[in-house]
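# Structural overview
Letter by letter, the chains look like this.
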Protein chains: 2
Amino acid sequence: MNYERYFQENREKHLGELKELLAFPSISCLSEHKPDMARAAEWLLNNLIESGFENAHIHQTNGHPIITADYLHAPGKPTVLVYGHYDVQPVDPLHLWITPPFEPDIRDGKIYARGATDDKGQMFLHIKAIEAILKQEGELPVNIKLCIEGEEEMTSPNLPSFLEANKEKLSADFVVISDTAFLETGRPAIPTGLRGICSLDVIVNTANSDLHSGTYGGGVPNALHALVSLLASLHDKQGRVAVEGFYSDVPDISPLMKTEFAKLNYDEEQLRINLELGALYGEEGFSFIERVGARPTLELHGVHGGFQGEGLKTVIPKEAHAKITCRLVADQDPEDILDKMKNHLERHLQSGAKLSIITGVKIRAFNIDPSHRILQLAADAYEDVYGVRALFTKEGGGIPIVEAFSRILQAPVVMMGFGLPDEKLHAPNEHFNLENFDKGLRTMVSFLKKI
Amino acid sequence: MNYERYFQENREKHLGELKELLAFPSISCLSEHKPDMARAAEWLLNNLIESGFENAHIHQTNGHPIITADYLHAPGKPTVLVYGHYDVQPVDPLHLWITPPFEPDIRDGKIYARGATDDKGQMFLHIKAIEAILKQEGELPVNIKLCIEGEEEMTSPNLPSFLEANKEKLSADFVVISDTAFLETGRPAIPTGLRGICSLDVIVNTANSDLHSGTYGGGVPNALHALVSLLASLHDKQGRVAVEGFYSDVPDISPLMKTEFAKLNYDEEQLRINLELGALYGEEGFSFIERVGARPTLELHGVHGGFQGEGLKTVIPKEAHAKITCRLVADQDPEDILDKMKNHLERHLQSGAKLSIITGVKIRAFNIDPSHRILQLAADAYEDVYGVRALFTKEGGGIPIVEAFSRILQAPVVMMGFGLPDEKLHAPNEHFNLENFDKGLRTMVSFLKKI
């Protein structure tokens, strides 16, 4: 049993396989990539079988396929369910990528591709770590179940019903997910909270036709004016969300939590420099870590209307669009927040304009107690490999499925991430640091053997 | 000499030629249409020669070609310079066109195509009216010069220098332009004022990369938030432009002008119904006609940033864009207004965001006295054909070149339009009413013979 030698000897093979997986343009939210999703799922199925998993199966859903597999030969031992996702975000703006997003490229010890860190690279660690134990020891110290989905980047519309329908088959003592990041290089973190999310699309309409701004300018409503003033009304000058009642289910940050946050010793100035910002920005009276960890937020993800081409088109646009999400904390109810948003938008709409609102995802925040045994074992495993114990944090992002696993399978969820905060997930030039690929394999072996 | 019979016998031929002209996708502001611009210019050259014009010539410019031609065989008689443009606006959103924008289609007595009313159809009237006089009488009652450009829809960047360089060659007693509209069917109008225009593009940048809204949301500036709050700050709640000093060179509307406007008896309710609006919108305390005729305005023509595709992408965009113009009246100086806008935008920018501003066109407003002889003759000509005298109005739009002709050639400019206000210029399903095509030919013959 020499894992160090095994992982060294198999490094090229592992990276070759990862490159194959990253080459699939498995963008779940764009329907033209449906065939790529199916091909990626097929590839994973074969890789799982070759890695020694049993009962590998592709499940069709109303959206993209879910893959399950298991290895259940440790009677009396705990069962661990590993979750990951093989779908990725869109790649635009494409011209900002140094190498094409679906032609994985290794440089400076990093592998560049869409999905490298979110989540193909991290998910792949589990498959190879489990294969390693099987190859080295002929058996696993625990029972393993795998559930890999293809709709995480579109907030997993079909996974909850799949979990409900397969509650028995997927039952586990713990759920393990690797889809989060370190605090920084060499400083692993285990999130004990995730923000929830709710989303809505806003469309403002004015006249029944685009109009010439010479003939009509100043005398008719302009859909863009109406939209920007509506969107601007969503925040006040202090960076707070101005929607009435938005914060009513948000508790003050407790003194204990303030202490935990302080322990992180987060370097805001370094973040500002990394992002090349003149200043950070957010709700007054809170640190960056508090803002993204313990405070809700409302973000605009896309706005468009009117002419966007080269040159000048003196048009008064008849419609304008915006995409908005709110990140939620504590007991905020997505339905309630969406209702409050709708009320606000309707009340602030300029006269002469019409408003359409389409609501989307609705996911509550998730929290787990850091003193839980499985979280402590995970921290031990990191310590074995990285020499430092993982810190317990609150994560600003949502992994919509975490709350669903916790609720439907009634199992504690431990998030063991191996990404880094600057790996450009959801942006051009996404990458995954190979140091964490290598150490991640070793950490997962250590973790599974500790359980 | 029977013009009625001549125009009836040649109607099919004229419409056939117009369709050929409208079929060129001569969109000046999109560089991929440069070859179409050249082909349209070539077609016009040949049509002018066939119509009896002399000295027809295509002049290359730094942008798109200018066509000139003349017929100077009326010694001692006045010289009339006719201006028109053969370029058109972009066609998006293309899916809203009932028939393709460059496949002219006649239905319900209207010809549908991009450029039908603005300005190919109206410009073509002059060529065919002059051809008619030549064919019927063998000579013209005046000297005629023609100047047709291809950059009006991009605010004629090369025409002023062309006019300067050819001041002698193009010198005239009057300039005639048909690129405006009636008040409504059967109610011709002669604009005695045009608003000026200035434009700017605004780009807001925040971080050096798009960021994930889970990890960063609430803790970093969002380029879209910064942009929409900046854009919303440009107007107050009463529909006035909130840029400091914006109105300082705008005089109150004089009692005389108020009377002229009242004479138009403009039906705002009908406009509201035509545009299917819940309400008109604009600066408080002014009528629609006053707002577009005598008041300046600031309009957003395009805004974009972040994700615009199908589905949800939880990105914090690093940049966002807006296109803005101001329509100007009276003595407003475009340079001065642009400076005031820049000051305003810089002062209202959210911390953590960077601002880039690119200024564009700068054209002053234009005014002419309605008692001028040539304007009275034009009104007479309309009366001959339509049975009603044209009213003198202020036009909200700019024809950038009008101010340039007036200034460079030192000649009075008379605007004899034949469009209708609802002909969707700059919008999908642009068209030109053939009643005004037919009567326009007769009006121009009458006008030229009166001079």
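Since the model is a prediction, treat every value here as computed from it, not as a measurement.

Cut-offs and rules
Residues numbered from 1 in each chain as written. Chains lettered and ligands numbered in written order. Predicted model: local features only at pLDDT ≥ 70, side-chain atom pairs only at ≥ 80, totals over all residues. Heavy atoms only, no water. Helix = DSSP H or I, 4+ residues; strand = E, 2+ residues; numbered from the N terminus. Rg over C-alpha atoms; globule rule 2.2 N^0.38 Å. Buried < 20%, exposed > 50% of the residue type's maximum accessible area, 1.4 Å probe, protein only. Contact = heavy atoms within 4.5 Å. Areas by Shrake-Rupley, 256 points an atom, 1.4 Å probe, with all protein chains shown as cover. Lys, Arg positive; Asp, Glu negative; His and termini not counted. Charge placed at Lys NZ, Arg CZ, Asp CG, Glu CD. Pairing = 2+ DSSP bridges. Axes fitted to C-alpha atoms, helices over the stretch in contact; angles between N-to-C directions. 1 Å grid on protein atoms, 1.4 Å probe; cavity = no way out; pocket = protein on both sides within 12 Å on 5 of 7 lines; lining within 4 Å. Points joined across faces, edges and corners; volume = space filled by probe spheres on them. Nonpolar A, V, L, I, M, F, W, Y, C, P; charged D, E, K, R; others polar. UniProt positions renumbered as here; feature names shortened; annotations may be inferred. Buried area = accessible area lost by both parts, 1.4 Å probe. Salt bridge = Lys/Arg side-chain N within 4 Å of Asp/Glu carboxyl O. Polar contact = N/O pair within 3.5 Å; in protein donor to acceptor, adjacent residues only side chain to side chain. Domains from an automatic or database assignment. Least-squares fit on C-alpha atoms with pLDDT ≥ 70 in both. Parallel < 35°, antiparallel > 145°, perpendicular 65-115°, else oblique. Left-handed = near helix turned anticlockwise from the far one by under 90°.

## Examining the overall build of chain A
Tallying secondary structure elements over chain A gives 14 helices and 18 strands in all. Expected size for 451 residues packed as a compact globule is a radius of gyration near 22 Å; at 23 Å, chain A falls within 12% of this value. C-alpha extents for chain A along the principal axes are approximately 80 × 50 × 45 Å. Every one of the 451 residues in chain A was classed for burial, and the buried ones make up 62%. Contacts in chain A between residues at least 24 apart in sequence constitute 79% of all its contacts with a sequence separation of at least 6. Accessible area of chain A: about 16300 Å², with a carbon and sulfur share of 49%. Each charge class in chain A can be summarised by its mean position, and for the 44 positive and 64 negative side chains these summaries are 1 Å apart.

## Some points on the sheet that holds strand β13 (residues 319-328) of chain B
Across the sheet, which stays open at both edges, the eight strands sit in the order β14(A)-β9(A)-β13(A)-β11(A)-β11(B)-β13(B)-β9(B)-β14(B) with antiparallel pairing between neighbours. A strand with exactly one partner marks an edge of an open sheet, and here the two such strands are β14 (354-363) of chain A together with β14 (354-363) of chain B. Strand-to-strand, the axes of this sheet are offset by a mean angle of 20 degrees, without reference to chain direction. For strand β9 (residues 196-205) of chain A and strand β13 (residues 319-328) of chain A, the ladder comprises 10 bridges, and the chain directions are antiparallel. Residue pairing for β13(A): A:Asn205 is matched across the bridge by A:Glu319. Taken strand by strand, helix α11 (residues 334-348) of chain B contacts β9 (196-205), β11 (297-306), β13 and β14 of chain B, and its axis lies near 165 degrees from that of β14(B).

## Some points on empty space enclosed by the protein
The method is simple in principle: a probe with the dimensions of a water molecule rolls over the atoms, and the space it marks as empty is what remains. With the rule as written, the count across this model stands at six cavities of 30 Å³ or more. Its volume calculated, the largest cavity comes out at about 640 Å³. Lining the largest cavity are 41 residues, with A:Glu395, A:Gly396, A:Gly397, B:His212 and B:Thr215 positioned closest to its centre. For the lining of the largest cavity, the elements supplying multiple residues, two or more each, are α4 (116-137), α10 (288-294) and β16 (391-395) of chain A together with α6 (213-216) of chain B. A breakdown of the residues in the lining of the largest cavity according to their chemical character gives 19 nonpolar, 14 polar and eight charged.

## Quick notes on the layout of surface pockets
Taken as a whole, the second largest pocket encloses approximately 590 Å³ of empty space. Every residue lining the second largest pocket is counted, 33 residues in all, and those nearest its centre are A:His235, A:Asp236, A:Lys237, A:Tyr281 and B:Gln350. Broken down by secondary-structure element, the contributors of at least two residues to the lining of the second largest pocket are α7 (223-232) and β11 (297-306) of chain A together with α7 (223-232) of chain B. Considered class by class, the residues forming the lining of the second largest pocket number 13 nonpolar, 14 polar and six charged.

## Topic: the sheet that holds strand β8 (residues 189-194) of chain B
As a general point, the strands of a sheet are linked pairwise by backbone hydrogen bonds and lie either parallel or antiparallel. All names here are of chain B. Judged by pairing direction, the sheet is mixed, and its three strands sit side by side in the order β15-β8-β16 without closing on themselves. Here the strands that pair on one side only, and so sit at the sheet edges, are β15 (366-367) and β16 (391-395). Taken together, the two bridges between β8 and β15 define a ladder with antiparallel strand orientation. Considered in β15, the bridge of Leu-194 is made with Phe-366.

## Some words on the UniProt feature "domain: Peptidase M20 dimerisation" (unreviewed entry) in chain A
Under the local residue numbering, the UniProt record ascribes the feature "domain: Peptidase M20 dimerisation" (unreviewed entry) to residues 192-350 of chain A. Here residues 192-350 of chain A is 33% helix and 23% strand, with 43 Å between the C-alpha atoms at its ends.

## Concerning the interface of chain B and chain A
How large an interface is tends to be reported as the accessible area lost when its parts come together. If you look at the interface, chain B gives 88 residues, while chain A gives 88 residues. The junction of chain B with chain A conceals about 7400 Å² of combined surface from both sides, 55% of it contributed by carbon and sulfur atoms. For the pair chain B and chain A, the number of links is zero salt bridges. Connecting chain B to chain A are 41 residue pairs in polar contact (both at pLDDT 80 or more).

## Quick word on the environment of B:Leu125
All names here are of chain B. Mapped onto the elements, Leu-125 comes out in helix α4 (residues 116-137). As for Leu-125 and Gly-440, which are separated by 315 residues in sequence, their C-alpha atoms are 6.6 Å apart. Look past the residues within four positions of Leu-125 in its chain and what remains in contact with it is Phe-418, Phe-432, Asn-436, Phe-437, Gly-440 and Leu-441.

## Some details on the domain arrangement of chain A
Residues and elements named next belong to chain A. Domains assigned within chain A are domain 1 (3-194 + 366-450) and domain 2 (196-250 + 296-363). With seven residues of domain 1 at the contact, the number on the domain 2 side is four residues. Taking both sides of the interface into account, the surface hidden between domain 1 and domain 2 amounts to around 440 Å²; carbon and sulfur atoms contribute 60%. If you sort the residues of domain 1 by the area they bury against domain 2, Thr-155, Gly-398 and Pro-400 come out on top, with a joint share of 58%.

## Here's the deal with the relation of the copies chain B and chain A
Mapping chain B onto chain A leaves a residual RMSD of 0.1 Å; the transformation is a rotation of 180 degrees accompanied by 0.0 Å of translation along its axis. Expressed as a symmetry operation, the mapping of one chain copy onto the other fits a two-fold axis. Relative to the rotation axis, the C-alpha of B:His304 is the closest in chain B, positioned 2.2 Å from it. The overlap is high: 100% of the interface residues of chain B also sit at the interface in chain A, so the same surface is used on both sides.

## What about unusual backbone geometry?
For the bond from A:Asp92 to A:Pro93, the omega torsion is 0 degrees, close enough to zero to count as cis. Its place among the elements puts A:Pro93 in the loop between β3 (79-85) and β4 (105-107). In this model, A:Asp118 is joined to A:Asp119 through a cis peptide bond whose omega is 5 degrees. Along the chain, A:Asp119 falls in helix α4. The phi dihedral of B:Asp108 falls on the positive side, at around 55 degrees, and the residue is not glycine. Inspection of the secondary structure assignment puts B:Asp108 in the loop between β4 (105-107) and β5 (110-112).

## With respect to the packing of helix α2 (residues 11-22) of chain B against helix α14 (residues 434-450) of chain B
All names here are of chain B. Across the interface, α2 lies against α14 with an axial gap of 12 Å and an inter-helix angle of 115 degrees. Taken together, the axes of α2 and α14 are roughly perpendicular relative to one another. Crossing hand, α2 versus α14: right-handed. Where α2 approaches α14, its residues Arg-11, His-14, Leu-15 and Leu-18 are matched on the opposing element by Leu-434, Phe-437, Asp-438 and Leu-441. Residues of the contact of α2 with α14, tallied by class, amount to five nonpolar, one polar and two charged.

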